[in-house]
Amino acid sequence: HNRAFTDEETVILKKNVSERKIEPLLTALLFYTGMRRGEVIGLQWKEVDLKKDVIHVRRDYDWKTNSLDTLKTPSAKRDIPIVPELREILAENKGTPEEFVVHAPTDPLKALPEATYKRRWKAIRALIGAEDVTARTFRNNFATVLYDAEVDVLTASKAMGHADPTTTLKIYTDIERRRKVLKGADSVKYAFMEKKKEETPEIKVAKKLPSSTAMFE
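Residues numbered from 1 in each chain as written. Predicted model: local features only at pLDDT ≥ 70, side-chain atom pairs only at ≥ 80, totals over all residues. Heavy atoms only, no water.

1. Quick look at the packing of helix 2 (residues 24-33) against helix 4 (residues 84-93)
Item 1. Two elements in contact, helix 2 and helix 4, have axes whose closest approach is 10 Å; the angle formed by their N-to-C orientations is 145°. Read as a crossing pair, helix 2 and helix 4 show a hand that is left-handed. Of helix 4, the residues touching helix 2 (which contributes P24, L25, A28, L29, Y32 and T33) are E85, L86, I89, L90 and N93.
Item 2. Of the residues assigned to the contact of helix 2 with helix 4, the class counts are 8 nonpolar, 2 polar and 1 charged. (Axes fitted to C-alpha atoms, helices over the stretch in contact; angles between N-to-C directions. Helix = DSSP H or I, 4+ residues; strand = E, 2+ residues; numbered from the N terminus. Left-handed = near helix turned anticlockwise from the far one by under 90°. Contact = heavy atoms within 4.5 Å. Nonpolar A, V, L, I, M, F, W, Y, C, P; charged D, E, K, R; others polar.)

2. What about unusual backbone geometry?
Item 1. Positive phi outside glycine occurs at E23, with the angle close to 45°.
Item 2. Structurally, the position occupied by E23 is in the loop between helix 1 (7-18) and helix 2.
Item 3. Residue class for E23 comes out partly exposed when judged on its relative accessible area of 21%.
Item 4. In this structure, D53 is a non-glycine residue whose phi angle is positive, near 55°.
Item 5. In this fold, D53 is placed in the loop between strand 1 (48-49) and strand 2 (54-57). (Buried < 20%, exposed > 50% of the residue type's maximum accessible area, 1.4 Å probe, protein only.)

3. So, the confidence of the model for the protein chain
The predicted coordinates ought not to be read in detail in places where the model reports low pLDDT.
Item 1. Per-residue confidence for the protein chain averages 83 on the pLDDT scale, and 82% of its residues sit at or above 70.
Item 2. The least confident element of the protein chain is helix 10 (residues 212-215), whose mean pLDDT is 39; the most confident is strand 1, at 96.
Item 3. Note on residues 210-217: pLDDT is under 50 here. Beyond four places in sequence and across chains, it has 1 contact. (pLDDT = per-residue confidence, 0-100.)

4. Things to note about the packing of aromatic side chains
The geometry of two aromatic rings is summed up by the distance between their centres and the angle between their planes.
Item 1. For the structure shown, the criterion picks out 7 aromatic pairs.
Item 2. Relative to F138, the ring of F5 has its centre 4.9 Å away and its plane inclined at 80°; by these criteria the two rings are edge-to-face. Of this pair, F5 sits in the segment before helix 1 while F138 sits in helix 6 (residues 135-148), and the two are 133 residues apart along the sequence. Here the two residues F5 and F138 agree in accessibility, since each one is buried.
Item 3. An aromatic cluster of three or more residues is present, and its members are F5, F31, Y32, W63, Y117, W121 and F138. (Phe/Tyr/Trp six-rings, centres within 6.5 Å; stacked < 30°, edge-to-face > 60°.)

5. Some remarks on the nonpolar core
Item 1. In this structure, L29, V48, I55, L86, L90, W121 and F138 are the most contacted members of the largest nonpolar core, which totals 41 residues.
Item 2. Only helix 1, helix 2, helix 3 (37-41), strand 2, helix 4, helix 5 (114-128) and helix 6 provide two or more residues apiece to this core.
Item 3. Ranked by residues supplied to this core, first place goes to helix 2 with 7 residues.
Item 4. Ignoring any residue separated from it by four or fewer positions in sequence, one finds L90 in contact with L25, L29, W45, V48, L50, I55, I82 and V101.
Item 5. Within the second largest apolar cluster, 8 residues are counted, among which are A143, L146, M160 and I175. (Core = buried A, V, L, I, M, F, W, Y, C linked by side-chain atoms within 4.5 Å.)

6. Section: helix 5
Item 1. Between its terminal C-alpha atoms helix 5 stretches 21 Å, which fits the 21 Å expected from 15 residues at 1.5 Å a residue.
Item 2. What helix 5 keeps buried is the set T116, Y117, W121, I124 and I128. Looking straight down helix 5, one finds its buried side chains confined to an arc of 135°; they lie on one side. Pointing more than 90 degrees away from the buried face of helix 5 are the exposed residues K118, R119, K122 and A126.
Item 3. On its buried side, helix 5 packs onto helix 1, helix 2, helix 3 and helix 6.
Item 4. Positive backbone phi, approximately 80°, marks G129, located one or two places after helix 5. (Expected span 1.5 Å × (residues − 1). Arc of directions from axis to C-beta.)

As structure tokens, this is what we get:
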């Protein structure tokens, strides 16, 4: 599912986090860090530095062995800055160093079990209103946010924990290609729309002037 969130889905997710409704901590971590699912499940509080506002990604979690595991690649070891929206919810939930950030319902010293995760994921999909949403969707969305912010490929590659910057470049190229396809579809649609009457110079000037409300702000 190689897509990012729509504007509407983004609004729903941000509102969900700010109002602390459905799995706000899990969705906030995925949304604001672009971490892989295993990295989020394996995250312990000792790797969350709220003084320096940084998350140290150091381990993965393997549900097959139910234990902490090494990261996917050495490049996956990285430090991710904590944005204010994420910091707030992390501070509210802060546990002891060995506790898991997203933990088992009855024991914070145990990682979230796969069955519980799947149940919670159903609730997240229902919230967003899309059955195709996975943890990878959050990761693709994170890459799209970096692309829109004009973050260079090398910096984005480090933030995403890619072993090879060409992986990031491929994602960036794919985003660009999809955007062009959308623009192309719009232009085709426009070709069949009734052409608007040519605007007079007076109307063009008036459109550039600030609106009456903006003038008094």
